[in-house]
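Next come the chains, spelled out residue by residue.
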Amino acid sequence: MWFSVFGKKKNIDDFSFGGSSNLVELIFDISFEFPPTLIKRILLFLLGLALALFCTMGVFYA
């Protein structure tokens, strides 16, 4: 989430996830490859937020 807010435009444009091994990763890679930098920042922020909420829910249910 920090990288999506404070990262430089060049670094965000060069950011990649590597190869995809299933259909969900392929769709995410394609959706992250083509949009402009603002949309990439939003996607990165939402991905970080979802991961943080998912990990927090694990603590609550444990």
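Located above this text is the structure these notes cover.
In what follows, the accompanying structure is described. These numbers were taken from a predicted model, which means no experiment stands behind them.

1. Points about the side chain of lysine 40
Here is step 1: For lysine 40, the location among the structural elements is in helix H4 (residues 37–61).
Here is step 2: Filtering out sequence-adjacent residues up to four positions away, lysine 40 remains in contact with Ile12, Asp13, Phe32, Glu33 and Pro35.

2. Examining a nonpolar patch on the surface
Here is step 1: Together, Met1, Trp2, Val5, Phe6, Leu38, Ile39, Ile42, Phe45, Leu46, Leu49 and Leu53 line one region of the surface with nonpolar side chains, adding up to about 1100 Å² of accessible area.
Here is step 2: Put simply, the parts of the chain that give the nonpolar patch at least two residues each are helix H1 (2–6) and H4.
Here is step 3: Among the elements that take part in the nonpolar patch, H4 stands out by supplying 7 residues, more than any other.
Here is step 4: You can see leucine 53 is positioned in helix H4.
Here is step 5: For leucine 53, a relative accessible area of 52% puts it in the exposed group.

Calculation criteria
- Residues numbered from 1 in each chain as written.
- Predicted model: local features only at pLDDT ≥ 70, side-chain atom pairs only at ≥ 80, totals over all residues.
- Heavy atoms only, no water.
- Helix = DSSP H or I, 4+ residues; strand = E, 2+ residues; numbered from the N terminus.
- Contact = heavy atoms within 4.5 Å.
- Patch = residues over 30% accessible without salt bridge, like charges linked within 9 Å, V, L, I, M, F, W, Y side chains within 5 Å.
- Areas by Shrake-Rupley, 256 points an atom, 1.4 Å probe, with all protein chains shown as cover.
- Salt bridge = Lys/Arg side-chain N within 4 Å of Asp/Glu carboxyl O.
- Buried < 20%, exposed > 50% of the residue type's maximum accessible area, 1.4 Å probe, protein only.

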